[in-house]
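Descriptive structure summary
Here is how the chains run, residue by residue.
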Amino acid sequence: MEEQFAAPPRCKTSTSRRDSGSGAVRWPGPNPLEFCRYWDLVWKKNTTDKLQATKFKVITARPDQAEISFLRTYDVSLGNGTNIIPLTVDKRYILRRGASGFYTYGIFERLEGWPGVQDMDQIRMVFKLEQTKFDYMALSDARQRMMPTAADRGNGEKLAYKEAVLLTDPSNPEFRGEVDDKYQYSIEDKDNKVHGWISTDESVGFWLITPSDEFRTGGPFKQDLTSHVGPTTLSMFVSTHYAGKDLGIKFEEGEAWKKVFGPVFVYLNSAPSSKNSTSILWNNAKQQLLKEIKIWPYNFTQSEDFPSSDQRGSVSGQLQIHDRYINESLLPASSAYVGLAAPGEVGSWQRENKGYQFWNQADEEGRFILKDVRPGNYSLYAWVPGVVGDYKYEADITINPGYNIKLDNLTFEPPRNGPTLWEIGIPDRTAAEFYVPDPYPTLLNNLYSHIPSENFRQYGLWARYGERYPHSDLVYTVGVNNYTDQWFYAQVTKNTGDETYVGTTWEVVFELHNVTNPGIYTLQLALASADNAELQVRINSQSDERPLFSTKLIGGDNAIARHGIHGLYWLFSVEIPSSLLKEGNNSVYLSQTRGGETFQGVMYDYIRLEAPSSHTDSQLVIPKLTTYFFYHKTGTRQENLLFVLCGAIHSKLSSSPPFLISGSKGFHVSAGWLEMQKAGRRSLRHWGWLVGTLAVMLVLVVYLVGEKKYEKTTPKTSTLLLRFVICSLSSLPSPPNPEQIVVLETSLKILERYPRTQRQGMNILKMPSSGRNFARPPYPGIKMVTNNNGRRIIAGTENPRVSMLRSQSQIRLNNGLVQLTVSRPGGDVIGIKYKGSDNLLEHKNLRNNRGYWDVVWNKPGENLHYVDKLQATKFRVIVATADQVEISFVKTYNVSQQHSAHVVPLDVDKRYIMKRGHSGFYAYAIFECREGWPEMKMEQIRMVYKLQHEKFQYMVLSDTRQTFMPKARDRKNGEQLAYPEAVRLTKPSNRAFKGQVDDKYQYSMEDKDNKVHGWISTDNSMGFWMITPSDEFRSAGPMKQGLTSHVGPTTLSMFLSTHYAGKQAGIELKRGEAWKKVFGPVFVYLNSAPRSNNCTSTLWNDAKEQMAEEVKRWPYNFTQSEDFPPSDQRGSVSGRLTVHDRYTSESLLSASSAYVGLAAPGEVGSWQKESKGYQFWTRADKQGHFLIKDVRPGNYSLYGWVPGIVGDYKYEADIEIKPGSKIHLGNLTYEPPRNGPTLWEIGIPDRSAAEFYVPDPYPTLMNKLYNNDHSDKFRQYGLWKRYEELYRDHDLIYTIGVNDYCHDWFYAHVTRSTGKERYVGTTWQIRFKLNNVMSQGNYTLQLALASATSSEIQVRFNDPSVKQTHFSTGLIGGDNAIARHGIHGLYWFFSVNVPSSLLQEGTNTIYLTQSRGGSPFRGVMYDYIRLEGPSIRHPDT
């Protein structure tokens, strides 16, 4: 790292004698700084003070660090008659050994008695770089490019304000016709951590790194300048940009004040010249930023005004939301922004500038911690994405050094006076969700041409309003218009000619079915920005002279002109007397009355109309009753008419029906009436609510009574052809508008009884108990625009039907979200597109090497392994409806090929399913071997997706195992280590990976945890995920480890493998043996999120939530194969497992957290080598109670094992599962292996070696993914080599009562190298004392192994030289877990009988010899060792 990213040789700071007072930075030799770097301050009507120092002082000068000070003191005798601001300023610079840059900070101070100060609007640090060197600017991953020069701006055409220039004659013709404006490069403070410039000629980077926001003003959402044409780089400490004068600092006469701004780090780096040097330098700068954040607050500053970490405190707690109109329960304030700032009113933090602020974002549960807070008095503030308003904790908080304050549960009750009638926008404090027009083609900044989320940064968008609404202002109709397309992002003035600008009036039209009289309605009006604007609200009369409400003149953030999508946040609650409203159509008029300038106006964040608290017309209230009606294919005309009639009756004689009826082409809802579009049937009018309710009850009774009759007379595959869902919702408008339905929650379970085939109807969105409000994915006929964890989620109004396009070479499925292309007839996935993207699979690969199934197999007696990619020969459509398409690709085996072709003797049916509205596709396969076919062995069955390597660079396996990854070519250019999978990266394209080890086995996972993994394209904020909702089709039980995703980028679904188990876990089929198994379905899920610094977290959290949804739906009810039974064709087994170990307790103990499962009948523990059948596992609760649900019909044995208890359990009898069977086994008792009391023990019986000593990895052979995660340290490469370094002269000796197995028992009993690649076995010793040896009875050594690879453990007592071992395991194991970084493989258990004659009073020694050598990876891992005395109680226990 240091070799590639060293500072340029001339990188050092110096001051000449002439400059010693100014504190300017000079660069020996050719200076990359065109002018001196300086601090400046703007105050008193735009007076600039460059803070020239008058005194120089050396603070510290050591070989490892120098800190120098440049002090400017204020002379109070000057008063206010000078341009020097009454402040003392101490500018500091720090240079540290080995640091590729320097640190700088300033201490600003006012003493009592000094003159007052008005309008200190800016404090900043400026670097003006050499124009001929630095030509490439980088602000973020997406916002970076070559830049014009200052001369280009000077030659350009000034636009509406001086900062915006049209480049008419640039030195680089590519910039001709572009607009450049420094405000286009602004960033919110929370994201403004690193930015700067690159010299592409010299491959040198100059970066401004800000590791903390504590000294900035206005909170985390304050926007500010960064770098811009010059080339100039800024560090903005105080500014009024995007906020206005509210954020300027004012001091009263005599007011004292002190604040430290910084330190910040000026970082320089370099890289070899190459096409991607800009990417290398930028990525390195980001990595340096992370390092700086980790060491904040710095402990090397010498000022007492900058406290170190131990002189600071912290505040933690959990924030919850209580909004009774959404949920009576408390909801977590997911992703809330929580911070400490100076005491003030609610929301005052965004205008606070004199003190320090400390902010963090809460997790999904609303938990937060604010660390390293300076001592002082604060208020705790917060706001929650997706929730309107601000929170403030009731009491002020005093932080003292070392204090850690826990506030427990805090409750935020957001502004709310009644249920929601309608809403516009998302309460996220921005206008980003609204319509942002396309820029003028002649006024583009091409940096943003390909970043739609940043479109608002283009110049001149405000002028598009007058073009869009030339003759009238905006009119928005609730329930008809969509705010993403029909609500302009800013309410601006309109040009009437001659540069005259006048205010505008927007109209919101909405319908009320009922008006509560008397009552007060509430309009919640949240603004994202205001600039010299006044917003007036009128109801139903635009001509009223006096408005119902006025904001008065507010704001000065100038965000419209400066390309900000928000400025300061404003919230107003406007009370509307019911007398101003009427039944039917109403209008809210929003008038921005102030004119005169182009940029006066507001941006809206969110608008919501609330009814009085007693009102029932809300369109967002979750209904109390949801009723289901069914139209039966085989029902008589009278029966069907009764069903429809009851639905019609169920509505009142009012003008609006309280239903939504969906699911049939034969019926639709119209205003106030239900029309039956069947020939010869007349329309039906709605009758009465009371009668309708009784009719509903009648229909349900008729339905329940007649259910059995219909089942007998109708084939199960068509029991219900059409399904009506009639939702009793008083919230629905007239006609019912699906756009307004957010949640429909059922209180009936009837739908679950019906077969999955040939049914249609409206899908029900259920809100989980967590209150999660997330449209996933959008369902037919429902539009949702909502917020989850602060991100914008948009679902389409009407999801397109699933379409299928066939050609001779491929089949293409498309549901509007995902397009899936499969080769015909081979059945390989050759293309996946998401939301209009290009192919996500590696298009440079051959068609059969992008997304495919394969099998690794061999013939008995042959060492040669074959790979069969299962190329199909037949294609057929299984089902094709508007809601779902399932297609099949079949490979059939011809027995005549058995001697001539290397084709696996199997029939394989590969299936793909695409469903309407689902953001992905399902895949499964049916494998079948018929009687009479040849024998064979299979070691691997998997599904593989090879993604575009230029898109996907960030891999995620779990919350803690996720990182940017190297490229496949980096591995190719690297150094192969002990085996081909392990490569040391010597020439990676991203130098951050240089010296690291990459090995696909480092990313393995136990099947019980392997539910979702995949890749993220950080450039496109897009995720590709493999979701496995069940392990039933996997092999060898829940602890079996398998591959997941790895460098490629490659994502796998492993159905069968011998990894971490050996050949015993493969499938061996004898000649003539018939076999069939369904592998899957699994779900390939795709998602996206707005680009942000935390998009990886957003996408990962969403993928986990989708996984949870898929688990809930399992077993799927939409697969069309008879070989995949639905839930009602399965059974369950329940019971309670207890443990009886009389040497631990005479009573029965609960088998707490036991693993209990069903697998093919076999011996105790045989499940971990069983692969042909299905397995069903669960974990018992703390009392040992277990329930195994949705078990396929068949014969099974019940197995179990208990963490903390040695050995395996097996139920005494086999269990037969039949469709619908529910077997309760009652109380079961496990008696673990035990022959006497424990004398001593080593380890924990948990089937892994994780508790033993895992050494630190070699610094030159690390995978940095695991550097900070001790629990995964065993995944590092080469740990086995550490053994002989720790035990150079002798093997491991462990003394009971002296040593600690956590530190003194090596995790693996490995071989030892004798040189020249020769490896020999090793002998470990266990020494222990016995005060007495009982001559009667035998002792027992319980020996549990967590792994074994081609090993033999020989046990001897007190004499290592005896030829005849006292016990030997024989040659066992092949899991290769030592080489593959597994902390366990297969479990082995041995009870060794120890005659008392082998023991002696005093010191005894057990010799454990792993006798097999020849390879560094042969050996065992121990799980647990226990010596038991004879069954007669031993005096040593």
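Structure first, text after, so check above.
Given the structure is predicted, the values throughout are model-derived calculations rather than measurements.

**Comments concerning the overall build of the protein chain**
The helix and strand tally for the protein chain stands at ten helices and 97 strands. When the 1437 residues of the protein chain are sorted by exposure, 60% land in the buried category. Total accessible area on the protein chain stands at roughly 57,000 Å², and carbon and sulfur atoms take up 48% of it.

**Details of the sheet that holds strand S13 (residues 179-180)**
Pairing in this open sheet of three strands is antiparallel, and the strands run S11-S12-S13 from one edge to the other. Each having just a single partner strand, strand S11 (157-158) and S13 make up the two edges of the open sheet. When strand S12 (residues 165-166) meets S13, the two strands line up antiparallel, connected through two bridges. By the bridge assignment, Val 165 is partnered in S13 with Asp 180.

**Some points on the pattern of salt bridges**
Summed over the entire model, instances satisfying the criterion amount to 62 salt bridges. As a salt-bridge pair, Arg 1034 and Asp 1031 come within 2.6 Å of each other at their nearest N and O atoms.

**Focus on the nonpolar core**
With 108 residues, the main nonpolar core has Ile 832, Phe 927, Met 938, Tyr 945 and Leu 1198 as its most contacted residues. Apart from residues no more than four positions distant in its own chain, Met 938 is found in contact with Val 855, Val 856, Trp 857, Val 904, Leu 906, Leu 1056, Gly 1066, Ile 1067 and Trp 1075. Listed in part, the 89 residues of the second largest apolar core include Val 117, Phe 127, Tyr 267 and Leu 447.

**Some points on the sheet that holds strand S96 (residues 1402-1410)**
Read from one edge to the other, the open sheet built from five strands follows the order S86-S90-S96-S92-S93, with strand pairing classed as mixed. Here the strands that pair on one side only, and so sit at the sheet edges, are strand S86 (1293-1295) and strand S93 (1367-1368). Sheet topology note: the strand S90 (residues 1322-1330)/S96 ladder contains nine bridges and is antiparallel. The partner of Thr 1322 across the bridge, within S96, is Gln 1410.

**Here's the deal with unusual backbone geometry**
Cis geometry marks the peptide bond from Gly 230 to Pro 231; its omega dihedral reads -5°. With respect to the helices and strands, the residue Pro 231 is situated in the loop between strand S18 (227-228) and strand S19 (232-238). The step from Gly 1080 to Pro 1081 runs through a cis peptide bond, and the omega angle for that step is 5°. The topology assignment puts Pro 1081 in strand S75 (residues 1075-1088). For Asp 119, which is not glycine, the phi torsion reads 60° and is therefore positive. Within the secondary structure layout, Asp 119 lies in strand S7 (residues 117-120).

**Observations concerning the packing of aromatic side chains**
Scanning the entire structure with this criterion turns up 94 aromatic pairs. When the ring of Phe 927 is compared with that of Phe 1079, the centres are 5.1 Å apart and the planes differ by 85°; the resulting orientation is edge-to-face. In this pair, Phe 927 sits in strand S61 (residues 920-929) while Phe 1079 sits in strand S75, placing the two residues 152 residues apart along the sequence. Of the residues examined, Phe 927 reaches a relative accessible area of 0% and is grouped as buried. For the pair Tyr 1116 and Phe 1118, a centre-to-centre distance of 4.8 Å together with 25° between the ring planes defines the contact as stacked.

**A look at the environment of Leu 1137**
Its place among the elements puts Leu 1137 in strand S76 (residues 1131-1139). The buried category is assigned to Leu 1137, whose relative accessible area is 2%. On a C-alpha basis, the gap between Leu 1137 and Leu 1228 in space is 4.8 Å, while along the polypeptide they are 91 residues apart. Setting aside residues up to four positions removed in sequence, Leu 1137 forms contacts with Ser 1150, Ala 1151, Ala 1154, Val 1156, Gln 1183, Gly 1184, Phe 1186, Val 1202, Tyr 1209, Leu 1228 and Tyr 1230.

**What to know about helix H2 (residues 277-294)**
Between its terminal C-alpha atoms H2 stretches 26 Å, which fits the 26 Å expected from 18 residues at 1.5 Å a residue. Of the positions making up H2, those classed as buried are Ser 277, Thr 278, Ile 280, Leu 281, Trp 282, Asn 283, Asn 284, Ala 285, Lys 286, Gln 288, Leu 289 and Glu 292. Its buried side turned inward, H2 meets strand S6 (101-110), strand S9 (136-138), strand S10 (144-146), strand S15 (194-199), strand S16 (204-209) and strand S21 (257-270).

**Details of the side chain of Glu 1032**
On the secondary structure map, Glu 1032 appears in the loop between strand S70 (1022-1027) and strand S71 (1041-1042). Taking the relative accessible area as the measure of exposure, Glu 1032 reaches 2% and is therefore buried. A polar side-chain atom of Glu 1032 sits 3.1 Å from a polar atom in the side chain of Arg 1192. Contacts of Glu 1032, omitting those with residues within four sequence positions, involve Trp 1114, Phe 1124, Arg 1130, Tyr 1174, Gln 1175, Phe 1176, Asp 1190 and Arg 1192.

**Things to note about the pairing of S75**
Of all 14 residues that make up S75, twelve are buried, and the element is covered over most of its length. Direction of pairing for S61 relative to S75: antiparallel, over a ladder of nine bridges. Bridge pairing in S75 links Phe 927 to Lys 1077. When S70 meets S75, the two strands line up antiparallel, connected through six bridges. Each residue of the ladder has a partner; that of Gly 1023, found in S75, is Asn 1087.

Definitions and limits used
- Throughout this document, residue positions are counted from 1 along each chain, in the order its sequence is written.
- Side-chain atom pairs in this predicted model are given and counted only at pLDDT of 80 or more, local residue features only at pLDDT of at least 70, and totals for whole chains, interfaces and linings cover all residues.
- Hydrogens and waters are ignored; side-chain quantities use all the structure's heavy atoms.
- To qualify as a helix, a DSSP run of H or I must reach at least 4 residues; to qualify as a strand, a run of E must reach at least 2; elements of each kind are numbered from the N terminus.
- When accessible area is computed with a 1.4 Å probe and restricted to protein chains, residues below 20% of their type maximum are described as buried, those above 50% as exposed, and intermediate ones as partly exposed.
- For every accessible area listed, the method is Shrake-Rupley and the probe measures 1.4 Å; residues are considered covered only by the protein chains on display.
- In this description, strands pair whenever DSSP reports at least two bridges between them.
- Here, a salt bridge means any Lys or Arg side-chain nitrogen found within 4 Å of an Asp or Glu carboxyl oxygen.
- Among buried residues, the Ala, Val, Leu, Ile, Met, Phe, Trp, Tyr and Cys ones that are joined through side-chain atoms within 4.5 Å form a nonpolar core.
- Should any heavy atoms of two residues lie within 4.5 Å, those residues are considered in contact.
- Two rings from Phe, Tyr or Trp (for Trp, the six-membered ring) form a pair when their centres sit within 6.5 Å of each other. Planes less than 30 degrees apart are called stacked, planes more than 60 degrees apart edge-to-face, and all others tilted.
- What a helix is expected to span follows from its residue count: subtract one and scale by 1.5 Å.
- Counting of polar contacts relies on pairs of N or O atoms within 3.5 Å, with two restrictions inside protein: one atom must be capable of donating a hydrogen and the other of accepting it, and residues adjacent in sequence are counted only when both atoms are side-chain atoms.

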